[in-house]
Every structure is written in structure tokens, then in C-alpha cells.
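# Structural overview
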Amino acid sequence: MHLLLLGVSHRTAPLDLRERLDFSSRDVGAAVEALVTQSSSAESVVLSTCNRSEIYVASGDPGQTREELVRFLGQYHDIPADAFVPHLFTFEDTAAVDHLFRVAAGLDSLVVGEPQILGQVKDAFNTAAERRCSGPLLNRLFHWSFAVGKRVRAETALGEGAISVSFAAVTLARKIFGRLAGRRVLVIGAGETSTLTAQHLRTHGASEIAVTSRTLAHAEALATEVGGHVVPWDDLQAGLASADIVVTATGSQRPILTRPLVESAIGRHRSGPLFIIDIAVPRDVDASVGEIEQVFLYNVDDLQGIVRENLSRREAEVTRAEVIIREEVARFTSWYRSRAAIPTVVALRQRFDSIRRSELQRLEGKLAGLPPDAKARVDEVTRIIVEKLLLEPTEQLKALPDEETQMVYTEAVRRLFGLRDDPVTEPVRPSAGGPDTEEDAG
Amino acid sequence: MTVIPLVLYAVAAVVYAVHFARRQPQIGRAATTLLLLAALVHTFVIGMQTMEVGHVPFANPSRAVSTFVWLLALSYLYLEMSTDERAMGVLILPILAGLQLVPVLYPGVESLDPVLDSPWFWVHVASLLFAYASFALAGVLGLTYVLQFTQIKTKHLGYLYTRLPSLQVLDVMNSRAVTIGWAFLTVGVIVGIVWATQARVTAPDDPNVQAMALGDPKIFVAVLTWLVYSFAVLARRSLGWAGRRAAWLSAVGFVIVLLNFLPISYFVTTSHTFD
């Protein structure tokens, strides 16, 4: 059984093509089911996000399955093959494992280390699992990839540090105010970034959001969007006095918040800090406001500086993440290889057990005179002997270092113990050159 | 015997440092567990010493340091558990381990001036030690607050900024430490006054007792300390002196405490020279 991966991502295909190959806007589950029924793949998972559409399948004949998948993609999305085939990447076995682990860890994301992708990988797998389209190989592979994603996040700083202006502002607010529960936010002027910042502050617990704008309608629209209330423009000072966090984003050409205005608004006996986030260009807040003792003033350049630094720090963590991924790919591959030894191990056990049973049967007459518990003990002892004899060979077969050695060993074991019949019980399809099929052919 | 807590504090200090650098939750839990274990063993050691000499061991300076370390560890554990913030351990644990070296290197013998053998003495010393341990904690928290405040204000958001707690948590911790310290300081000072007044009558010939007056440097500085921390507690509540001002105040307060603990105790005072 082989692992095969076919797909497009932001690295290989332009946005319009990715949109045309997107599964997520339609029923992903139906696509997964169609894949298993309409192709030679035994298991399948479809991972489709705005940055990638990837099909993971387990197949006995990857060459044939690949052709089927290409045909399927064309038909399903109604695109001629030559429109997307040049953008398609194909990975097999170890390379496919490596790719999935990188994706789950966020290394393959447009923004390195972004956290959503792990959840999307989980959703993709769950969709397939619910429809029983994933099997022993993909089950193990995807669960492994979740663990890899978690491990990379825990052991590296790949996902750390805000990488958007609005998140950088929220992170700073949390360093100043701790949990944001109960904090009051004043938004001055409506704009995209200020809306986003207000929303982030709200999701992080800010309890009250006041909005003010020279144009009342703008203020009302923003207040509705972020679940806040409107403060009349003339009450700006009162709004400042009761705010912990101020976000400014007006189109004004001259500063709106000057030092005397802020000083008189917050008064002398204010104990808590005031965090002012000035997103406007040109600036809404006079630089001297930042000199007031309790005021922390950050403008859009400061926040972008933070974002840039965080991004370069993330890049530096990539190497560390890659070490982890290499390690995990090696571990998964060795598990996968040990799995290839299973048919031989099972055959060996069945062989030994059948010898044991037939010998016991032969002795049936002589053992007839024994009391039942003694008979049971004879049965037990013979079973334990077989177990112990097989323990070491089983371990050794599973731990063989590479495919070639494995083939030689399983062949030897099969010859030495006369294992003729393929005892495969689980639905593993014959794989080209796989050790478990050698005897079948002969 | 004091060496076992020392080793545990030192190991915990290393684990706290690793947690500070790598910020992995399981390392943080390991650090706290180690510190809990250290505090537990230390409790046992102090219990043993108490049984051995028949009173809590702090009449001897070196054993008093050990008791101080124990109280500081307990206060820190309380703050850590009540705020779920472990980053301060990297600053506190080295202090614990460093101070615990004193009783290990200079074991000293617990001997008690007969005039001190009174229940008042134990309440007096225990309260003040606990107060000073809390102030030490508050001082470190205050300095950390100022550092973190300056970093955010000047937009230097580097290694320490990411790892140190938020200003809010530092301020809450500082407020708790100062309030608890102040309460114990108040008890300690009042008990000291009452007891000294009694001792003047019962031990008219003791030079120490006769020197107990506001003019004595040690007593004067203790009262000054009380005034400073009373102001800190009051100002936070009624003047809005939280945040950076409170932080500075607790740092300055602890410098005064240190002055009283070390140079004044050894060189200047005439009222507290029992040996």
C-alpha cells in the first residue's frame, strides 16, 4: 500500500486556479466518497482551504491512481486537464508524509506558523473519517500529523508573535492590562483596521466599546458591527476619561488628540494606564501625548515594526521546526515499514500455532486420563513456549531498517518455515514489489 | 540539614530559568513542584530545629535568614498560585538559593538571651520576618514593573518584554505583597512596643532594653519603614498611586528594610544586639 498526494497550493498555482479547484465551497464529504468509489484508492482525505486543495489517498498502484485522480479533478471541477496539470504537485510515500507534516505545522502556510491550518487539517480528516473513507494508513498518518503540529508549536516559537497590525495592538494591550475583561475601548473614527482591532479587543474580553466619529452615521455603522455604543463627537473628552484603550483612525489632516486635551481628560489622579493606538495616516495623536506618564502611545509604524520583527523571528524558527519534522517523518516511516512485516508475522504465528494444535490433538488419547486442570495447564504451557519462541523474531522483523533488507528477511522466513499461504486478514491491497506478495506470485 | 532545601532551591532556580527561556508549560509545572517540595522540606527542617531548641529558630542571625528564606518561598508560592504567573520565579529563586547559603555556610548555634524568652518575642520576630519577606517580594516586583513599563513606553519589545508578566499582573502581585507585609509589620511593631514597655519594668538592668526608644537607629528606621508602607497602602487606595508610583515606592521601601536588616543591625543599633 502506498501513500499518494496530489494537489495545488499557493506555492504552485495562482489564486483563480485555486478557486476553481476548491472543494470547500461544495460538499467535501461527497468528494471524498466519490474518490474512494470512483478510483482505485482504498482511503482518501481531501484538504481544501483558500490556499490549497490536496487529495491524500492510499493506493496499491500509485501510477494508475494518479491518472484516475487527475481525471477526477478535471471532471469534478469541470476544468480541462492542461489548465491545472502543470500546477499540480504529486508526492509519494515519505515525500507525502513530509508534506502533510509541514502543512500541519504551518510551515507551508502563506503566513508561516499561522494557527488555523491545524484545525483545517483536523476537519478534513474528520470529514473523511465520518464517511469511513479513511482507513488504517490515513488514520494513523493524520493523527500523527496533529501530534506533529502540536509538537512544533510547543517546541518552537513558530506561531508566536502577532503578524498583523490589529493583533500586534491586542498583544500589547494584554501586556499592559493582562486579561482584557472589563476594559473599556474608545474607537475614534471608523476604518477597516480600527474595526478589526476593536473586534479583536472584544474577542479578548474587552467589555465595552464606545465609538465616536465626526460623521454620526459612520459611528453608528461601526458601533453596530462591533457591538458597541455611540459617543457623540462633542463628548470626546468624557469618552477619553473613561477609556482604557483608545483606537484612533480618522482621516483628519491635523492631530485630534493633543497633549493638553488628553491631560485634562484623564486628570491628575488616574491610576491605570491609557493605551492609545493611532492607526491613522497622517497621525491623529500628537507625539507629545506619549510623554504623559500613564500613556502608552503606539502608531501604525510602531505596530508594523513589531509585525516585521515577529515575521523575521518566525522565519528563524523554521529550521528548528524542520528538524522536528524530519524526526517525525523518520518515526512514521519506520512505523509504516514495521507494518509491512505484519503479514509475515501473522503467517508465522499461524504456522506455529497450527503445529502446536495438531501435536496436542495427536496426544489427545494419552491426555484423556488427566484431570481437566492439568489438561488446561498442558495447553497453557505449549502456548507459552510458542509465544516465547516467536517473540524475538517478531520484534526483529518489525524493526528492520529498510525495505530491501525487509524483503530478504521475509523471504527467508517464508522459505525456512514453509509459509505458503498469504494469511492477510486486514484489507491491504497487493503493492508492487511489496514483500508480502512475493509468495503469491510464485 | 539546611543543605537539602538549598539544593532543592538551587535546582528549582535552574528549572525556573529554563521555563523562563523556553516557556513550556510542563517545565513550568515541574518548577512549581520542585519549589513546593523545597518549601515542604524546609518546613520540616525548621520544624526539627524548633523541636531541638524548643522555639522557632530565629534568635541566631544565620537561622533567622533560613526562616526568612522559608517565609519568602511561601509568600512567592502564594503569589504564583493566586495569579498563575511563573515568570517571576526566575528572579525570586536565585534570591532564595543565595540567601539559603548563609545558614549552610555559617550554621551558628541557637542561644537565647533570657530577656528574650517570652512569647512576645516570637510574635515580634515572626511578624517582622514575614513582613520583610513580603517587602522583598514587593521590591523585586516593583523593579520588574518599572522595567516592563519602561520597555513598553520606549517601544523596546524584546526578550524580556515577551517573557515578563503584564503590568496588570505585576501591579496586583505588588499590591498583595505590600498589603500583607504592611499588616505583619504593624503587628510586629505594636508587639515590639508593648513588649519593650513591659521589659523596662521586668529587666531594668538590661542595656538593650533600656536603649529601646524612638531615638535608636534600628527602631527609628523600623518606624520609618512602617510610615513608608502605610503611605504606600493608603496612596494606592485614595490617591490612585498604583502602577509605576507604587512600584517605585515598594522598591525604595525595601532599600530601607535592607538598611535596617544589615548595616544598622550590625553596626549602629544599641537596642537589638542580643547574642
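First things first, this report covers the structure right here in the doc. Treat the numbers as computed from the prediction; the structure is a model and nothing was measured. (Residues numbered from 1 in each chain as written. Chains lettered and ligands numbered in written order. Predicted model: local features only at pLDDT ≥ 70, side-chain atom pairs only at ≥ 80, totals over all residues.)

### Quick word on the overall build of chain B
Stated formally: Secondary structure counts use DSSP, requiring at least four H or I residues in a row for a helix and at least two E residues in a row for a strand, with both numbered from the N terminus. Labels follow a simple rule on C-beta atoms placed from the backbone: if 20 or more others lie within 10 Å of a residue's own, it is buried; if 12 or fewer, it is exposed; otherwise it is partly exposed. Note on contacts: residues are paired as contacts if their backbone-placed C-beta atoms lie within 7 Å.
The secondary structure content of chain B amounts to 10 helices and zero strands. For chain B, buried positions account for 43% of its 275 residues. Residue pairs at least 24 apart in sequence account for 82% of intrachain contacts in chain B once pairs closer than 6 positions are excluded.

### Observations concerning the sheet that holds strand 4 (residues 89-92) of chain A
Residues and elements named next belong to chain A. To be explicit about the condition: By definition, two strands form a pair when at least two bridges between them are found by DSSP. Only the stretch in contact is used when a helix axis is fitted, and all axes are lines through C-alpha atoms; the angle between N-to-C directions ranges over 0 to 180 degrees.
With antiparallel pairing, four strands are arranged side by side in an open sheet as 2-3-1-4. The outermost strands of the open sheet, each flanked by one partner alone, are strand 2 (41-49) and strand 4. Between one strand axis and the next, the sheet turns through 15 degrees on average, direction left out of account. Examined bridge by bridge, strand 2 and strand 3 (residues 52-59) share eight bridges and lie antiparallel to one another. For S44, the partnering residue across the bridge sits in strand 3 and is V57. Strands strand 1 (2-9), strand 3 and strand 4 of the sheet are contacted by helix 5 (residues 93-105), whose axis makes an angle of about 50 degrees with strand 1.

### Quick look at the nonpolar core
Cut-off, in case you're wondering: Residues of type Ala, Val, Leu, Ile, Met, Phe, Trp, Tyr and Cys that are buried and joined through C-beta atoms within 7 Å form what is called a nonpolar core.
In terms of nonpolar packing, the biggest core is built from 120 residues, with V185(A), A12(B) and L137(B) touching the most fellow members. Excluding residues within four positions of it along the chain, V185(A) makes contact with A198(A), L201(A), A206(A), E208(A), I209(A), A210(A), A243(A), I245(A) and V247(A). Listed in part, the 52 residues of the second largest apolar core include L3(A), L4(A), L138(A) and V152(A).

### Brief notes about the pairing of strand 10 (residues 295-299) of chain A
All names here are of chain A. Buried residues dominate strand 10, accounting for five of its five residues. Along strand 10, one buried face is formed by V295, L297 and N299 and the opposite face, lined by F296 and Y298, is buried too. Sheet topology places strand 9 (residues 274-278) next to strand 10; five bridges connect them, and they run parallel. Within strand 10, the residue paired with I277 across the bridge is Y298.

### Quick notes on helix 7 (residues 136-155) of chain A
Residues and elements named next belong to chain A. How we decide: Expected span of a helix: the number of residues minus one, times 1.5 Å. As used here, the arc is the angular range of directions from the helix axis to the C-beta atoms.
Taking 1.5 Å per residue as the helical rise, helix 7 with its 20 residues ought to reach 28 Å, and the 28 Å between its terminal C-alpha atoms agrees with that figure. Buried residues of helix 7: L137, L138, L141, F142, W144, S145, V148, G149 and V152, and no others. Taken down its axis, helix 7 places every buried residue within 160 degrees of arc, on the same side. Where the residues of helix 7 are buried, they touch strand 1, strand 2, strand 3, helix 5, helix 6 (116-130) and helix 13 (300-340).

Shape descriptors only; they carry no functional weight alone.
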